[in-house]
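# Report on the structure
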Amino acid sequence: MSDETRRIGGHEIELSNLDKVFFPDPGITKGDLIAYYDQVADHLLRYAAGRIVTMQRYPDGVEGKSFYQKEVPDYFPHWIRTVKVEKENGSLRQAVLEDRATLVYLANQGCIPLHIWPSLADRRMHPDRLIFDLDPSDDDVTGVRLGARTLRDVLEEVDLVPFLMTSGSRGFHVVVPLNQEWDFDRVRDFASLIATIAAEREPDRLTVETRKKRRKGRVFIDVLRNAYAQHSVAPYAVRALPEAPIATPLEWDELDDVEPRTFTIQTLPERLGRRKDPWAGIGRHARSLEGSMGAAQEGRA
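Thresholds, definitions, all that
- Residues numbered from 1 in each chain as written.
- Predicted model: local features only at pLDDT ≥ 70, side-chain atom pairs only at ≥ 80, totals over all residues.
- Heavy atoms only, no water.
- Helix = DSSP H or I, 4+ residues; strand = E, 2+ residues; numbered from the N terminus.
- Rg over C-alpha atoms; globule rule 2.2 N^0.38 Å.
- Buried < 20%, exposed > 50% of the residue type's maximum accessible area, 1.4 Å probe, protein only.
- Contact = heavy atoms within 4.5 Å.
- Areas by Shrake-Rupley, 256 points an atom, 1.4 Å probe, with all protein chains shown as cover.
- Pairing = 2+ DSSP bridges.
- Salt bridge = Lys/Arg side-chain N within 4 Å of Asp/Glu carboxyl O.
- Phe/Tyr/Trp six-rings, centres within 6.5 Å; stacked < 30°, edge-to-face > 60°.
- Lys NZ or Arg CZ within 6 Å of the ring centre and 35° of its normal.
- Axes fitted to C-alpha atoms, helices over the stretch in contact; angles between N-to-C directions.
- Parallel < 35°, antiparallel > 145°, perpendicular 65-115°, else oblique.
- Left-handed = near helix turned anticlockwise from the far one by under 90°.
- Nonpolar A, V, L, I, M, F, W, Y, C, P; charged D, E, K, R; others polar.

### Notes on the overall build of the protein
For the protein, the count of helices and strands is 7 helices and 16 strands. Its C-alpha radius of gyration of 19 Å places the protein within 12% of the 19 Å reference for a compact globule of 301 residues. Overall, the C-alpha framework of the protein stretches about 65 × 40 × 40 Å when taken along its three principal axes. For the protein, buried positions account for 54% of its 301 residues. Put simply, 68% of the contacts in the protein that link residues at least 6 apart link residues at least 24 apart. Accessible surface, the protein as shown: approximately 13400 Å² in total, 43% of it carbon and sulfur.

### Overview of the pairing of strand β1 (residues 4-8)
Pairing of β1 with strand β2 (residues 11-15), which is carried by 5 bridges, proceeds in the antiparallel orientation. Bridge assignment links Thr5 to a residue of β2, and that residue is Glu14. Here β1 folds back onto β2, and the loop between the two strands holds 2 residues, one of which, Gly9, carries a positive phi near 60 degrees.

### Here's the deal with helix α2 (residues 41-48)
Of all the 8 residues making up α2, 6 are buried; the element is thus mostly covered by neighbouring parts of the structure. When we look at burial in α2, the residues that qualify are Ala41, His43, Leu44, Leu45, Tyr47 and Ala48. Where α2 is buried, its residues meet α1 (30-39), β5 (51-57), β8 (90-97), α3 (100-108), β9 (111-116) and α6 (268-274). Within two residues after α2, Gly50 carries a phi angle of roughly 85 degrees, on the positive side.

### Thoughts on the pattern of salt bridges
This structure, assessed with the given rule, holds 24 salt bridges. Where Arg51 meets Asp128, a salt bridge forms, and the shortest distance between an N and an O atom there is 2.9 Å. With a gap of 77 residues between them, Arg51 in strand β5 and Asp128 in the loop between β9 and β10 (129-135) connect regions that are remote in the sequence. Its relative accessible area of 3% is what places Arg51 among the buried residues. Two residues, Arg275 and Glu254, come together in a salt bridge whose shortest N-O distance is 3.1 Å.

### Describing the pairing of strand β11 (residues 163-166)
In β11, alternate side chains face the same way, and those of Phe163 and Met165 on one face and Leu164 and Thr166 on the other are all buried. As consecutive antiparallel partners, β11 and strand β12 (residues 172-177) are separated by 5 residues, and within that stretch Gly168 has a phi angle of approximately 80 degrees, a positive value. Alignment of β11 against strand β16 (residues 249-250), held across 2 bridges, turns out to be antiparallel. By the bridge assignment, Leu164 is partnered in β16 with Leu250.

### Quick word on the packing of aromatic side chains
Within this structure, the stated rule accounts for 7 aromatic pairs. Ring geometry for Tyr75 against Phe76: centres 5.6 Å apart, planes inclined by 55 degrees, an arrangement best described as tilted. Put simply, the rings of Tyr75, Phe76, Trp79 and Tyr105 pair up and form one aromatic cluster. Lying over the aromatic face of Trp252, Arg152 brings its terminal NZ or CZ to 5.0 Å of the ring centre. When the ring centre of Trp182 is taken as reference, the NZ or CZ atom of Arg186 above it lies at 3.9 Å.

### So, the side chain of Thr207
By the element assignment, Thr207 lies in strand β13 (residues 206-207). A relative accessible area of 4% means that Thr207 is categorised as buried. Those residues in contact with Thr207, other than ones at most four positions away along the chain, are Ala199, Arg215, Arg218, Val219, Phe220 and Ile221.

### Topic: the packing of helix α4 (residues 141-157) against helix α5 (residues 184-201)
The interhelical angle for the contact between α4 and α5, taken along N-to-C directions, is 125 degrees, at an axis separation of 9 Å. Taken together, the axes of α4 and α5 are oblique relative to one another. Between α4 and α5 lies a crossing whose hand is right-handed. Of α5, the residues touching α4 (which contributes Thr150, Leu151, Asp153, Val154, Leu155 and Glu157) are Ile194, Ala195, Ile197, Ala198 and Arg201. Of the residues assigned to the contact of α4 with α5, the class counts are 7 nonpolar, 1 polar and 3 charged.

What follows is the structure, given as structure tokens:
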């Protein structure tokens, strides 16, 4: 197995087993995974820097055993930023994704998907992202497209600016930038209201029913990620699925032409090289939810 030492941002990082195959079907190696994250670091960090990471590690690739790891191991280098995260009956220290060196180090640890909080580490009780995860009961791409459009319409009606992303798995994410004014409980209440309004507009295709057996083939509008210590896949992160699909920000006019796994580790870099990032400037559209909550409640009255 090939190893090497790379210097990134003033840090020496020992990279190991670079020729180990992580995705057997296309033959993508651990070295390819690291090279991808290094290549897209500027784009990914634009949206993920400063956020707490929940590691999902695949030491032997996607066909091997995996495990989630929140606590930072003792052997992690001192230069990786960590924060103390309070939890029931105690606390733990989690890594913060700060820079290219941290991103490459995590990839070398077998972290294939990168799961990040919807809040920044320095204001972790107040999210700056509201996330709707459209989860189909089957491979119903038409249904998740309908769900994304319906959510967009409802959100725009209450003066919010929604952004779109493939999940890299089975659905799409609709994401709204926030001004960090509200805490998680209030944000989740607002998200639940918006999801309910969307489901009421398309009751045969959309649902907010958390129990799978009651969804009856409908697309589930999941708002459960809008909570303290919850996480979602980072923009431009790799999913641990065949072909190594990527969670990819989209323009709204791409929705009809793109499927959740359209872009992969092999095709995404070319996309970045030929078009503007669809999420560029997302922070400029951050809003308070105060007026939007009132408008949403009034619209249902």
